[in-house]
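Overview (structure and organization)
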Amino acid sequence: MAEPVAPIMRAKSFNCPHCNALAHQKWFDAYALYTSDPPSLPDDQALLKFIDENQSNHEYENTVNWAKKYLLGKPFGHRNDNFSSDIHLEMLYFTQCFSCEQFSIWVKDKLVFPLLGLDTTPNEDMPADARESFIEASLIFKASPRGAAALLRLALQQILIFLGQPGKFIDKDIGALVALGMPIQIQQALDVVRVIGNNAVHPGQIDINDNRDVALKLFSLLNIITEAIITQPRQIEKLFEGLPPGAREAIEKRDKPKP
């Protein structure tokens, strides 16, 4: 399988950030048309009604197609023959994919739309604040793996706090959880990516030694940790609660310390 070609300034072909196809890209300069009033955005429901009522009306075919593209909420090309004056916008460029015809937006030499994220999702049982940090990390991963790793360390701290730990020193918090029954393998895995131990990096801190591989491991580890110390205990507790009351009482009586 061919290696993907990342979008870079002035390249004639690369993997489209919309459809991911390796395709030819058309480049466009940007021009601004002066308007004395702020933009007036059409009502989505009105556009849907217009499309429904004029779908087969050839007289409005161009307008129907425009409305369909507008409802997608993405930049698209539209010819306007009424331009009286325009301004050439420097440092702002567009590319259009030959495969999917979607537009991407560049400022100077940086792709700013669409955002290049990582297709990964947090465990559903991850605490809300940690999930937010995890998702933000996935959105910036391709642009800044080091920034993503810092956010993932913050997410780890947020999980530890959720589990009742102070959250100030990750190594001590992890050690406490291991003493409470968390698999020792998770502590070893965190050591591999310098989260704890002699080369520990503080939560939310960017480490110059972080790279793509470190960030990818942290994404996986956060889901593994959540599964091991939040999801599985909840599932076991739910199964236990599903036992008949007599069976639960017998188990509790069996496990009660002997006087």
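Heads up: these notes are all about the structure in this document. (Residues numbered from 1 in each chain as written. Predicted model: local features only at pLDDT ≥ 70, side-chain atom pairs only at ≥ 80, totals over all residues. Heavy atoms only, no water.)

Among the nonpolar cores identified, the biggest contains 29 residues, and L152, L156, I159, L190, L222 and I225 are the most heavily contacted of them. Mapped by element, the contributors of at least two residues to this core are α3 (128-140), α4 (145-162), α5 (170-179), α6 (184-192) and α7 (212-241). With nine residues, the single largest contributor to this core is α7. If near-sequence neighbours (up to four positions away) are discounted, L156 is found in contact with I170, L190, V195, L222 and I225. (Core = buried A, V, L, I, M, F, W, Y, C linked by side-chain atoms within 4.5 Å. Buried < 20%, exposed > 50% of the residue type's maximum accessible area, 1.4 Å probe, protein only. Helix = DSSP H or I, 4+ residues; strand = E, 2+ residues; numbered from the N terminus. Contact = heavy atoms within 4.5 Å.)

Helices that pack against each other are described as a pair by the angle of their axes relative to one another and the distance between those axes. The interhelical angle for the contact between α6 and α7, taken along N-to-C directions, is 165 degrees, at an axis separation of 11 Å. Taken together, α6 and α7 sit at an angle that is classed as roughly antiparallel. The interaxial crossing formed by α6 with α7 has left-handed handedness. Residues I186, A189, L190 and V192 of α6 form the contact with α7, whose participating residues are K217, L221, I224, I225 and A228. When the residues that make up the contact of α6 with α7 are grouped by side-chain class, the tally is eight nonpolar, no polar and one charged. (Axes fitted to C-alpha atoms, helices over the stretch in contact; angles between N-to-C directions. Parallel < 35°, antiparallel > 145°, perpendicular 65-115°, else oblique. Left-handed = near helix turned anticlockwise from the far one by under 90°. Nonpolar A, V, L, I, M, F, W, Y, C, P; charged D, E, K, R; others polar.)

Applying the stated criterion across every chain, the model contains seven aromatic pairs. Arranged with centres 5.1 Å apart and planes meeting at 45 degrees, the rings of W27 and W106 form a pair that is tilted. Taken together, the residues span a long stretch of sequence, with W27 in strand β2 (residues 22-32) and W106 in strand β4 (residues 103-107) at a distance of 79 residues. For W106, a relative accessible area of 1% gives the class buried. Seen in terms of ring centroids, W66 and Y70 are 5.2 Å apart; in terms of plane orientation they differ by 25 degrees. Their pairing is stacked. One end of the pair is W66 and the other is Y70, both in helix α2 (residues 61-71) and four residues apart, which spans about a single turn. Given a relative accessible area of 22%, Y70 falls into the partly exposed group. (Phe/Tyr/Trp six-rings, centres within 6.5 Å; stacked < 30°, edge-to-face > 60°.)

On to the sheet that holds strand β5 (residues 110-113). One open sheet holds the five strands; their spatial order is β1-β2-β3-β4-β5, and the pairing between them is antiparallel. If you trace the sheet from one side to the other, it starts and ends with β1 (13-15) and β5, each paired once. Averaged over all pairs of adjacent strands, the angle between their axes in this sheet comes to 45 degrees, without regard to strand direction. When β1 meets β2, the two strands line up antiparallel, connected through three bridges. Considered in β2, the bridge of N15 is made with L22. (Pairing = 2+ DSSP bridges.)

So far we have only geometry, and geometry alone does not tell us how the molecule works.
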